[in-house]
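Working through the structure, step by step
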Amino acid sequence: MKLESKSPEGPLAEKWTKHKFNLKLVNPANKRKYEIIVVGTGLAGASAAASLGELGYNVKAFCFQDSPRRAHSIAAQGGINAAKNYQNDGDSIYRLFYDTIKGGDYRAREANVYRLAEVSVNIIDQCVAQGVPFAREYGGLLANRSFGGAQVSRTFYARGQTGQQLLLGAYSALNRQIANGKVKMYNRTEMLDVVVVDGKARGIVTRDLITGKIEAHSAHAVLLCTGGYGNVFYLSTNAKGSNVTAAWRAHKKGALFANPCFTQIHPTCIPVSGDHQSKLTLMSESLRNDGRVWVPKVAVKGLKAKDAKSIAEADRDYFLERKYPSFGNLVPRDVASRNGKMMCDEGRGVGATGLAVFLDFADAIKRDGRDVISAKYGNLFDMYKQITGDDPYEMPMMIFPAVHYTMGGLWVDYNLMTSVPGLYALGEANFSDHGANRLGASALMQGLADGYFVIPYTIGDYLAGIGWNDKVSTDHPVFKEAIDTVNSRVQKLLSIKGKKTVDEFHRELGLTLWEYCGMSRNDAGLKIAKKKIQELRTEFWQNVDVVGSANELNMELEKAGRVADFLELGELMVDDALDRKESCGCHFREESQTTDGEALRIDNDYTYSSAWEYKGENQPEELHKEELKFENVKLTQRSYK
């Protein structure tokens, strides 16, 4: 299989403009003859459904929550990037492009990243017009703050609630189209399969999560906007419902899965406190604007936050400021995460477990005053206090790296189409824009860019090519076969009646991946992980206990289907990590490091995106490589010093 990225020719700054002109168009009168399915209604899905409905298409939108407002996009805190240069500090579209390529350790497609930077300036205008309450300077201009991996202030924010406010903006646009009859909303409905007829995506099979009813829906095209798969690790910053099922079922129907081992580890999370936890809580990266990260120079076992003041300034190691003076505490997430782990591995971690470092605001409060810090981060400080009992105004936060975003996802071309014609992937569900590490505040940017400004153009090219008559009814035998397959899988899960819960299998999978395929990995450990996951998957299908029945609200059944997919994905993540013998982004391959312990890329061998093709049950997947060409940036060893 030859991967065609369909990246336009010509100068970087002109690619998207020329490409839009060369795309086929659907005339306004014909748009009402097409049906489009959108799965997922977070920022990417809600913005796509609203935009396509506004254009005149008939849209069916699906989410497994009770409302699109519950999408995990709501949890994003710190901000959204845009190259508007409001601070007059040297920002530009090209600088945002460069920072994103460099931040991703040169493992992203140039054309896609530049387009993302280019449309970022339009996103802010769109959201302001929707009434998103971005923070403003005293004079009324929109405020900006800095995020990791950049030396300019380009991050727009609404205190620590940016994701929530942006989602409400997209939700209002979506509601307008629901009221107009252009979008039909299906809440509490989970997609369980993609239907492919004659090589094209023709629809989906869903399960009503309240009644258990299995149904088929047909359309001219299907858009997957279903987020990332960080919950494969069990403990992550993702909402517990976040899963890989939609993307994975598409993968098994022919959509290539790209860079599955590229997982972002966020440095600023509340540390694990015990086995009782089912998820982790993120503290916004924006806190690193004013918080200083440190550990004692000499190990102090069990050092508590309330006792941090007892450590003299001369006895503190502000290790990010020491090692990376140019960027200090605002190094990218992968660099901050890896260094935090290193401090704990050296025995200098703090807290009861020793698996934490301090994020200290004492200097900022002394410099700017409590009121100024409260205006910036007050809700985040309140959230931290509610969870931990410690007051960040009085003592430092304790943080530790945790699984956050996934850069891997379904492979897509420049038009956001997967390797299955008519099947698209938007936002975190695709692999396209972040390489081996995502810069902070770029997830919201990508989700809205794909939904508001990319897919409305590119989907028309496909639809105009197939024509509105090219639609397959749900009466087609392939739809019936897909429904039977889904029903059969449901009944199989319910019939096992083993002795271990779904959560037990999920936790064991997550621990294996975190230990062997997390921030640090090596060849021997990855081979151990592969064997463990294979054994765990075999045991799952023999010994899982899924209580209840199919025709009712059954959360154990929901979880079981998702964990079954996670078990298969986990093995592919390990295969992908075994193939990539270089250190890259947060993926520290112990066999590949510089003399001072930094990640060492091997550009001669690994300047490609890995795209894996499903070959059948229990068969090894086939690796395809999309070679990455860098014509506008020079491949260099990353340095934030």
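Each value, and the rule that gives it
- Residues numbered from 1 in each chain as written.
- Predicted model: local features only at pLDDT ≥ 70, side-chain atom pairs only at ≥ 80, totals over all residues.
- Heavy atoms only, no water.
- Domains from an automatic or database assignment.
- Contact = heavy atoms within 4.5 Å.
- Buried area = accessible area lost by both parts, 1.4 Å probe.
- Salt bridge = Lys/Arg side-chain N within 4 Å of Asp/Glu carboxyl O.
- Polar contact = N/O pair within 3.5 Å; in protein donor to acceptor, adjacent residues only side chain to side chain.
- Helix = DSSP H or I, 4+ residues; strand = E, 2+ residues; numbered from the N terminus.
- Pairing = 2+ DSSP bridges.
- Buried < 20%, exposed > 50% of the residue type's maximum accessible area, 1.4 Å probe, protein only.
- Axes fitted to C-alpha atoms, helices over the stretch in contact; angles between N-to-C directions.

**Some thoughts on the domain arrangement of the protein**
If you check the domain split of the protein, you get domain 1 (267–403) and domain 2 (489–615). The centre of domain 1, based on its C-alpha atoms, is set 29 Å off from the matching centre of domain 2. Contacts between domain 1 and domain 2 engage 10 residues on the former and nine residues on the latter. Contact with domain 2 buries surface across domain 1, with D334, R338 and K341 losing the most and accounting together for 52% of the total. There are one salt bridge connecting domain 1 and domain 2. When the shortest N-O distance is used, the salt bridge between R338 and E598 registers 3.5 Å. Run the count over domain 1 and domain 2 and you get three residue pairs in polar contact (both at pLDDT 80 or more). Elements with a minimum of two residues in the side of domain 1 that touches domain 2: α9 (333–345) and β15 (397–406). Examining the composition of the side of domain 1 that touches domain 2, we find that four residues originate from one element, α9, more than from any other.

**Things to note about the sheet that holds strand β11 (residues 263–269)**
The sheet built from five strands is open, its strands ordered β11-β15-β14-β12-β13 with antiparallel pairing. With one partner strand each, in any of the chains shown, β11 and β13 (316–317) form the two edges of the open sheet. Strand direction decides the pairing type here: strand β12 (residues 292–296) and β13, joined by two bridges, are antiparallel. Paired with P296 across the strands is R316, a residue of β13.

**Things to note about the pairing of strand β8 (residues 214–218)**
With four of its five residues buried, β8 lies for the most part within the structure. Two strands pair when backbone bridges link them, and strand β7 (residues 200–208) and β8 are joined in this way by five bridges, in the antiparallel orientation. Paired with R207 across the strands is I214, a residue of β8. What sits between β7 and β8 in their antiparallel hairpin is a turn of five residues, with G212 showing a positive phi close to 85°.

**Overview of the environment of S218**
Relative to the elements of secondary structure, S218 occurs in strand β8. In this view, S218 contacts E35, I37, R202, G203, K471, V472, S473, T474 and F479; residues no more than four positions away in its chain are not counted. One polar contact links S218 to K471, side chain to side chain, over a distance of 3.0 Å. A distance of 3.3 Å separates a polar atom in the side chain of S218 from the backbone oxygen of V472.

**Description of the sheet that holds strand β5 (residues 183–186)**
What links the strands of a sheet is backbone hydrogen bonding, and the strands pair in either a parallel or an antiparallel sense. On the basis of which strands lie adjacent, the open sheet formed by five strands has the order β5-β2-β1-β9-β17 and parallel pairing. Single-partner strands in this sheet number two, and they are β5 and β17 (423–425). Strand-to-strand twist of the sheet, defined as the mean angle between neighbouring strand axes without regard to direction, takes the value 20°. The pairing of strand β9 (residues 221–224) with β17 spans three bridges and is parallel. For L223, the partnering residue across the bridge sits in β17 and is Y424. Packed on one face of the sheet, helix α12 (residues 443–466) meets β1 (35–39), β9 and β17 and runs near 150° to β9.

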